[in-house]
Amino acid sequence: MLKLRKQIDLLFEKAGNIIYDHKLLIVFVLLIIIGLLSSQLPGIKFDTSTEGFLHKHDPTLKIYDQFKNQFGRDEIIIIAIKSEEVFSEKFIKKLKLLHDRLENEVPYLTNINSLINIRNVYGLEDELIVEDLLEDFAEKKINYPDLKKKVLSNPLYQNLIISEDGTFTTIVIETQAYQSIPGDVDEEDLLSLFAEPTINKKEKPQQVDNKIYLSDMQNSEIVDSIKKIIVDFDSKNFSVLLAGTPVMADTLKRLMLSDMRIFTALCMLVIILFLVLIFKRFTGVFLPLIVVISTLLSVFGLMAITGFPIQLPTQILPSFLLVVGVGASVHILAIFYHNLHHNLNKKDAVIMALKHSGPAIVMTSLTTAAGLFSFSTSDIAPVSSLGIFGGIGVIISLIFTIFFLPALIAILPIKQKTSHKSKKLIMDKVLLFFVHFTFNHYKKIIFVSSVIIFISFIFLFNVNFAHNPISWLPDSADLKINTYQIDKNLKGSVTVEVIIDTEKKDGIKEPELLKKIDSFSNSIKNYQSGELFVGNISTINIMIKEINQALNENNPDFYKIPHDRYLIAQELFLFESSGSDDLEKIVDSDYQMTKITIKVPMLDALSYVDFINFIEQKLEENFGNLIKIQVTGFIPLLARTLYTVVTSTARSYIIAFIVITIMMILLIGRIGIGLLSMIPNLLPVLFALSIMGIFGINLDMFVMLVGCIAIGLAVDDTIHFMHNFRKYYSKTKDVKDAIKETLLSTGRAMLTTSVVLSSGFFIFMLASMKNLFNFGMLTGIAIIVALLADFLLAPSLLMWIYQKNTQS
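In short, a report on the structure. What you are looking at is a predicted structure, and each value in this text was computed from that prediction instead of being measured.

Turning to the nonpolar core, a few remarks are in order. Grouped together as the largest cluster of nonpolar side chains are 233 residues, with contacts concentrated most on Ile 79, Leu 102, Ile 226, Ile 598 and Tyr 608. Here Tyr 608 is in contact with Val 494, Leu 532, Val 600, Pro 601, Met 602, Leu 603, Ile 635, Leu 638 and Ala 639, once residues within four sequence places are set aside. In this structure, Phe 434, Tyr 728, Ile 739 and Ala 794 belong to the second largest nonpolar core, which totals 28 residues.

This part is about the packing of helix α11 (residues 346-373) against helix α12 (residues 381-411). In the contact formed by α11 and α12, the axes pass within 9 Å of each other and the chain directions differ by 175°. Of the possible angle classes, the one that applies to α11 and α12 is roughly antiparallel. Of the residues assigned to the contact of α11 with α12, the class counts are 18 nonpolar, 7 polar and 1 charged.

Under the counting rule described, the total for this entry stands at 16 aromatic pairs. With a centroid separation of 5.2 Å and an interplanar angle of 15°, the aromatic rings of Phe 282 and Phe 286 are classed as stacked. Here the residue Phe 282 and the residue Phe 286 both occupy positions in helix α9 (residues 282-306), the gap between them amounting to 4 residues, near one helical turn. Overall, the relative accessible area of 61% leaves Phe 282 in the exposed class. Site record: aromatic cluster; members linked through ring pairs are Phe 433, Phe 434, Phe 437 and Phe 791. One residue, Lys 491, lies across the ring of Phe 533, its end atom 5.8 Å from the ring centre.

The terminal C-alpha atoms of helix α3 (residues 59-71), which comprises 13 residues, lie 18 Å apart, in line with the 18 Å expected from a rise of 1.5 Å per residue. Considered for burial, the residues of α3 that qualify are Leu 61, Tyr 64, Phe 67, Lys 68 and Phe 71. In an axial view of α3, the angular spread of the buried residues amounts to 115°, which keeps them on one side of the axis.

Moving on, we get to the packing of helix α2 (residues 23-38) against α9. Running from N to C, α2 and α9 point in directions that differ by 45°, and their axes come no closer than 7 Å. It follows that α2 is oblique to α9 by the angle criterion. Like other packed secondary-structure pairs, α2 and α9 cross with a definite hand, here left-handed. Each of Ile 34, Leu 37 and Ser 38 in α2 lies in contact with α9, whose residues at this interface are Ser 294, Leu 297, Ser 298, Gly 301, Leu 302 and Ile 305. Along the lines of polarity and charge, the residues of the contact of α2 with α9 split into 5 nonpolar, 4 polar and no charged.

About the cut-offs
- Residues numbered from 1 in each chain as written.
- Predicted model: local features only at pLDDT ≥ 70, side-chain atom pairs only at ≥ 80, totals over all residues.
- Heavy atoms only, no water.
- Core = buried A, V, L, I, M, F, W, Y, C linked by side-chain atoms within 4.5 Å.
- Buried < 20%, exposed > 50% of the residue type's maximum accessible area, 1.4 Å probe, protein only.
- Contact = heavy atoms within 4.5 Å.
- Axes fitted to C-alpha atoms, helices over the stretch in contact; angles between N-to-C directions.
- Helix = DSSP H or I, 4+ residues; strand = E, 2+ residues; numbered from the N terminus.
- Parallel < 35°, antiparallel > 145°, perpendicular 65-115°, else oblique.
- Nonpolar A, V, L, I, M, F, W, Y, C, P; charged D, E, K, R; others polar.
- Phe/Tyr/Trp six-rings, centres within 6.5 Å; stacked < 30°, edge-to-face > 60°.
- Lys NZ or Arg CZ within 6 Å of the ring centre and 35° of its normal.
- Expected span 1.5 Å × (residues − 1).
- Arc of directions from axis to C-beta.
- Left-handed = near helix turned anticlockwise from the far one by under 90°.

If you want it as C-alpha cells, here you go:
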C-alpha cells in the first residue's frame, strides 16, 4: 500500500511538471472547449411541468398522453370573479367584455366557458335547442332573479361556473396540450414566422406525429396575456382571482429563477468576501471562481446539446458544483500558498500542492461522482438528470482543478507574500483546540455522537414526505391566496380524470353502463377526508339527462337516463346536430370512450393517494372487469410523482451509500476504517433530517436533494482527512501526531471551505420561497455538522481504533 501511494505521488509530481511546462497549451485547449460548450447555452430549455418529472416511457405518463390526445389538456386556468351582484345587468355586461377579450386575445386557447356561453339545453315545440346561456343577452330582456334560480339549480353549473351561494363565478380557460408546430419551441422569432391564428373554441390544435408539449415560454405567454387583460377589469365589486396549474407552473418558474438567480449571486458574493478575508489575494478569489464558472458553463452547455431541460430539482446544480469546485480549489491553493510562503519557487509550490492534495481530490471526485451517478437510475426524470449531469460536473470540475487551475497559477504573476501571522495564529488556535479536545475526550465524543445519531433516528420517523408546490410560495403570494379562495368557495381548482373504455363502438350508449356511471358518481360525491373533498363530478350522463328532460317538455321528472339504448342514440344524434361541440369533449367519435371529471382542491400530493385508491375501489365495485378503466390527469400524475420520488430517491441514496462505502474501503485500504469513516458522512444527513422532524419541515422533492450536497461535502472532507492521516501515520506511526499534522495542514482547507460554503448557503434563508429557505438552512447546517464530524468524530474513532489495537 505504501509503495502504491509513493507511485501515485510520483505520478502527480510528473503531472505537475508537464502542466507547468505546457501551461499555455493547456489553457488554450481548455478555453476552446469551454467556449464551444458555452456557445450552446442559448439552446437550454426549462421545464416546470408535472409531466416532466416522469420519464417518457413511464406507464402513468403514457396513459396521461393518451388522455390528452383524445380529450385535450386537463390543466385548466380559472379566472374567478367575486361579486355580490353576479346576477345583474351591469355585472353580466362587464363579464361579457372580459369573456370576449380573453377569447380573442389569449394564444393557444381551445375552449373558454363562463356564464356567457355555458351550455343551455331546453325543448321548444318538439325541437331540441342547445345554445349559449346568455346568447344575444343584450338584445333580450332578462329576468335576473329567474336567471339566478336557474343557474344555481343546474348541476352542470354548480361549483364549475358558479359558487353555491352565487357570489363567485368563473371563466374557465382550456389551452392546447401540444404545440401546433414541431421544432425548437424556445425561438420566439422563428415561431412568429409560422404562427397560426389564435385557436377559438370551435377549433382544435393541429396534431403532429411527434407531439411536443407546450413549452414553458408558451405557457408564460398564455398567462401573461391573461394577466394583462384581467388587470383592466379588476375592481371593488368585480374582484378577479387567477389560479390553475398552468398559472402555478408559470409562477413557480418565475419565482424560482428569480430567487435562484439573486441568491446564487449573493451566495457567490459571500464566498468571494470570505475568500478575500482568508487568502487576502486576488488570485485566491479569482482562480476558484474561474474553476466554478468554467464548470457551470460546460455542464449547462452539455445539457443544451443533449436536450436535457433545467427543471426544479436540477436547479441545485449550480449550488452543488459551487461546493465541489470551490472546495477542491481551496485545497490546492491553501497548500500552494503555504509552500510559496516557505520560500519554494512557484513551480515547486505548484508541484507540491498537486502532490499533496491531488490524490485526495481525485479520490473525492470519483467517490462523489459515483454516488451521483447512482441517481441516474431514478424513476424521476429530473433526479436522474441531476445524477447524470451532477456526476459529469464533478468530473469536469476535477479536470479543471487538476489541469486548468495549476496552469493558470503558472501563467499569472503570483509572488511570495508576507505571512499573516495573526490570521495563522487564530486558525492554528482553532485547529489545535480540536486536536487537544479530541485527544482528551475522544470516548465522550464517540458517546455523544452515538446519542445524537440515536436521537436523530427517533426524529427521523417524524419526517413527512410531501409535495405541494403551492406551499412553497410566500403567504402573501396572489396565486396562493387565490387558490385557497377558489378551493373554498368553488370546491376545487384541479381535477382527477377517469377514462371509461368499452372497447367497442357505441358502447357508451348502453343504458346499463350509463347507470353504472351514475352509481359510481353517487358513491364518491360525498367523499371527504381532512381537507380533501369532491367539489363537482362531470359526466356524459349530465348531458343525456339534460337532453332527455328537454325533449320531454322540459319536465324535471325526465332528468334521468332513458332505459332504451335506441332512444339514447337518437337523443345524442339530435344534440350533435345542434352544432354544439360539448359532446366531443367528453366522448370519442365512435362512442367507445368517455371521461369522468372529478373536481378537487389543490393539496399536498400525498393527500390524493388514499383518494385515488378509493376511486379505483369504487370503480371496481361498479364496473368490475367488464370494461377498461384508467385513472389519470394532473392529480394522479402528481401522486404518482411523489410516490416515485420517495421510492426512487430512497433507492438512489442506498445505492449511493453502498457505492461510496465500497470506494472508501478501497481507497483507505482497510475494511474496518473504511466502514467507520462512513459514520461521519452519515451524521450530517441524519442531523439535517432530525431538524426537519423536530420543526415539522416536510421532505419534499427539493429538500430531499439537500442530501446530495451534504453527502458530497462530507465524503470530500472525510477522504481528505483519511488520506492525509494515512500519509502522516505511515511516517510517524503515532496516531496523535498523524491527527495533529492532518488537522494543521488539510484541516485549514477543510475549515476554510466549510465556513465559506455554509455562509453562502445560509444566504438562501432570505429567499421568499419556503423551499429555498429550507434548502439554504438545511444545507448550511449539514455543512457545519459535516465539518464537526470530521474534526471531532473521525479523529476520535481513529484514536479509539488505534489505541485499542495498541493495547491488544
